[in-house]
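Per-entry structural report
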Amino acid sequence: MRYADFTPYDLVLLAQGLGVTVGLFTLTTLVGLLIAALFTLVDYYRVPVLRQVIVTISEALKNSPVLVQLFLVFFGLPAFFHINMTPFVAASLTISLNTAAFAFVIFRSGIDAVEAEQVAAAKVYGHSRWQVLRFVLLPQAAAFSIGPLVGLLVNQLQVTSLISVIGVFDLTKIGNILNLRTLEPFIVWTVVGLLYYALAKLLASVGARIEKRLRRSVVWEGI
């Protein structure tokens, strides 16, 4: 067997890498969206001090390279706080916070996009601020936000490829290993790229269906 030959086990390695990528993306998406939702509630209720802290953190995460954030979490935090940080935990924490920062802006913009007259009318009818948020703002804000949110998540899926630099055996890391072993970069990276493309298309397709259902369920002029 030549050094550059592919083996059936390479497919197993690619499947394992794909599983790590999908698992980490799913985890960071759920955690990131949850954090973003909490940030949005704090912003909506205008909690003193905490609101300013959240906005500052969000701006810092949005305006700095993800790779720098990843190095800071993986190398900087363990050195400063004298703690152990596995590559997977560092990657999960970094991408979750980065997703939360951008999703927070999308959620807040979705709420701001709802006409002020609707909020005023709901208050006139005696609805509390929580009821206005739940029954007036959130359904319409969700329909406004789903499109940009799907675009963000497709981008974050690509961002997960950066975690290979700290030793997480994701799809990109496995691709690099196969490339070094087989010396067939065109074949290896074409396959890896097609797998990322398939995941992105699947995500966009699911997002489009959700958006379509949301827009059907929220009945108001202009949505």
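Residues numbered from 1 in each chain as written. Predicted model: local features only at pLDDT ≥ 70, side-chain atom pairs only at ≥ 80, totals over all residues. Heavy atoms only, no water.

**Some remarks on the overall build of the protein**
For the protein, the count of helices and strands is eight helices and zero strands. Reading the helices (α) and strands (β) of the protein from amino to carboxyl end gives α-α-α-α-α-α-α-α. Summarising the internal contacts of the protein: among those between residues at least 6 apart in sequence, 78% fall at separations of at least 24. Just so you have it, the protein exposes about 12700 Å², and 71% of that area is on carbon and sulfur atoms. (Helix = DSSP H or I, 4+ residues; strand = E, 2+ residues; numbered from the N terminus. Contact = heavy atoms within 4.5 Å. Areas by Shrake-Rupley, 256 points an atom, 1.4 Å probe, with all protein chains shown as cover.)

**A few points about the packing of aromatic side chains**
The relative placement of two aromatic rings is captured by the distance of their centres and the angle of their planes. If you walk through the whole model with that rule in mind, you get five aromatic pairs. Measuring from centroid to centroid gives 5.1 Å for Y44 and Y45, while their planes differ by 80°, and the two rings are edge-to-face. Y44 sits in the buried class, given a relative accessible area of 12%. We classify Y45 as partly exposed; its relative accessible area is 34%. Seen in terms of ring centroids, F71 and F75 are 5.7 Å apart; in terms of plane orientation they differ by 55°. Their pairing is tilted. Of this pair, F71 and F75 both sit in helix α3 (residues 66–81), four residues apart, which is roughly one turn of that helix. Its relative accessible area of 34% is what places F71 among the partly exposed residues. Members of the aromatic cluster, joined through ring pairs, are F71, F74 and F75. (Phe/Tyr/Trp six-rings, centres within 6.5 Å; stacked < 30°, edge-to-face > 60°. Buried < 20%, exposed > 50% of the residue type's maximum accessible area, 1.4 Å probe, protein only.)

**Considering the packing of helix α1 (residues 8–44) against helix α4 (residues 87–113)**
Interaxial distance between α1 and α4 falls to 6 Å at its minimum, and their mutual angle equals 45°. Regarding the angle of α1 to α4, the classification is oblique. Crossing hand, α1 versus α4: right-handed. The class makeup of the residues in the contact of α1 with α4 is 17 nonpolar, six polar and two charged. (Axes fitted to C-alpha atoms, helices over the stretch in contact; angles between N-to-C directions. Parallel < 35°, antiparallel > 145°, perpendicular 65-115°, else oblique. Left-handed = near helix turned anticlockwise from the far one by under 90°. Nonpolar A, V, L, I, M, F, W, Y, C, P; charged D, E, K, R; others polar.)

**Points about unusual backbone geometry**
Of note in the backbone geometry, R46 takes a positive phi value of approximately 50° without being a glycine. Positive phi, normally seen in glycine, also occurs at V49, with a value near 65°. By the secondary structure assignment, V49 is in the loop between α1 and α2 (50–62).

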